Amino acid sequence: MHGGTERTASQACHGLKIAIQIAAFFPCQEPQKTWLPGNKAPGAALPHTDIHKPLLQGTCYSVYSSKTPRSTRQTCDVSDDPGTMAFMSRFSRSSSRSPSRRSKEDSSPPVLSIFELERLLYTGRTASNHADEVWPSLYLGDQDIAADRRELSRLCITHVLNASHSRFRGGSEYYDGMNITYRGIEAHDSPTFDMSIHFQSAADFIHQALRENKGKILVHCAVGVSRSATLVLAYLMLHHQMTLVEAIKTVKAHRGIIPNRGFLRQLVSLDNSLRVKRKI
């Protein structure tokens, strides 16, 4: 008689292990008790405990039927089954890693598609003056302000970076006698033009200008929204560790800009390469 009840308890213990594994794969919305197979009355496995919480190795759980004599009631130690513990440990490790992994991903700055970047550029501030101070002592403007010597003197501009330089129009000689350091980049506002080859040199020129005592720089092109804006964004990314989205938001807080789609792709490429370097 006792041999039969011992076998029943042993089978119940085995049933608990199976139930634990099934519960891990098929989570329920609400915490439940685990019912033992073959018994009309509920077993005492994990009473009042969420079965989805990781089991502790070495913890014993009582397993018995309501009809089992007290003298033959057994405990089931999940640690005595290597297969069960290995299964549960894999489940627990994967569950514990996910939140931290998600938190790292959530804390990372967003990476937007070209379409999303364009939508960001078209929202918010769109109006612009001939020149706007988008960063301390850094002005982003058009060719009209670049040609206005009186206004440049009023703003105390010491450096000019022209992203629409042409050998057919005035360059550094235009600013003779004004104590202005000039640099010109002959760039075309075309999606096929490779502006990225000028990112580092232009960013360094801007950075050096702002490091000088009372240095102020005007970065301009024809309209001041595409070519020159692209170089200013690259400067903020390279010298101020901003992501592309952060740089766009910084500039757009003061001036509407819209780099062409080709320039945006090149800025995305720069953004991705800088992200990789920061992880190393």
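Use the structure listed above.
Residues numbered from 1 in each chain as written. Predicted model: local features only at pLDDT ≥ 70, side-chain atom pairs only at ≥ 80, totals over all residues. Heavy atoms only, no water.

A. Quick look at the overall build of the chain. For the chain, the count of helices and strands is nine helices and seven strands. For the chain, the proportion of its 280 residues judged to be buried stands at 41%. Of the roughly 16,100 Å² of accessible surface on the chain, a fraction of 53% belongs to carbon and sulfur atoms. (Helix = DSSP H or I, 4+ residues; strand = E, 2+ residues; numbered from the N terminus. Buried < 20%, exposed > 50% of the residue type's maximum accessible area, 1.4 Å probe, protein only. Areas by Shrake-Rupley, 256 points an atom, 1.4 Å probe, with all protein chains shown as cover.)

B. Geometry of helix α8 (residues 244-252). α8 sits mainly inside the fold: seven of its nine residues count as buried. For α8, the full list of buried residues reads L244, V245, A247, I248, T250, V251 and K252. Where α8 is buried, its residues touch α3 (114-122), β3 (131-135), β4 (138-141), α7 (227-239) and α9 (261-279). (Contact = heavy atoms within 4.5 Å.)

C. Representation of the packing of α7 against α9. At a closest axis distance of 11 Å, the pairing of α7 and α9 adopts a crossing angle of 5°. By the angle class used here, α7 and α9 are roughly parallel. Taking contact as the criterion, the partners of R227, T230, L233, A234, M237 and L238 in α7 are, on α9, F263, L267, L270, D271, L274 and R278. Taken together, the residues of the contact of α7 with α9 break down into eight nonpolar, one polar and three charged. (Axes fitted to C-alpha atoms, helices over the stretch in contact; angles between N-to-C directions. Parallel < 35°, antiparallel > 145°, perpendicular 65-115°, else oblique. Nonpolar A, V, L, I, M, F, W, Y, C, P; charged D, E, K, R; others polar.)

D. View of the environment of A229. As for its placement among the helices and strands, A229 is situated in helix α7. Of the residues examined, A229 reaches a relative accessible area of 1% and is grouped as buried. For the pair A229 and R255, spaced 26 residues apart in the sequence, the C-alpha separation amounts to 9.6 Å. Discounting chain neighbours no more than four positions away, the residues touching A229 are L140 and I257.

E. Examining the pattern of salt bridges more closely. One pass over the full model with this rule turns up four salt bridges. Notably, a salt bridge pairs D132 with R255, separated by 2.6 Å at the nearest N-O pair. Of the two residues, D132 sits in strand β3 while R255 sits in the loop between α8 and α9, which places them 123 residues apart along the sequence. Classification of D132 by relative accessible area gives buried; the value is 7%. (Salt bridge = Lys/Arg side-chain N within 4 Å of Asp/Glu carboxyl O.)

F. Looking closely at α7. For α7, built from 13 residues, the straight-helix expectation of 18 Å at 1.5 Å per residue is met to within 8% by its first-to-last C-alpha distance of 19 Å. Of all the residues in α7, the buried ones are R227, S228, A229, T230, L231, V232, L233, A234, Y235, L236, M237 and L238. In the segment just after α7, Q241 is the residue with positive phi, at about 55°. (Expected span 1.5 Å × (residues − 1).)

Interpretation note: all reported values are geometric properties and have no functional meaning in isolation.
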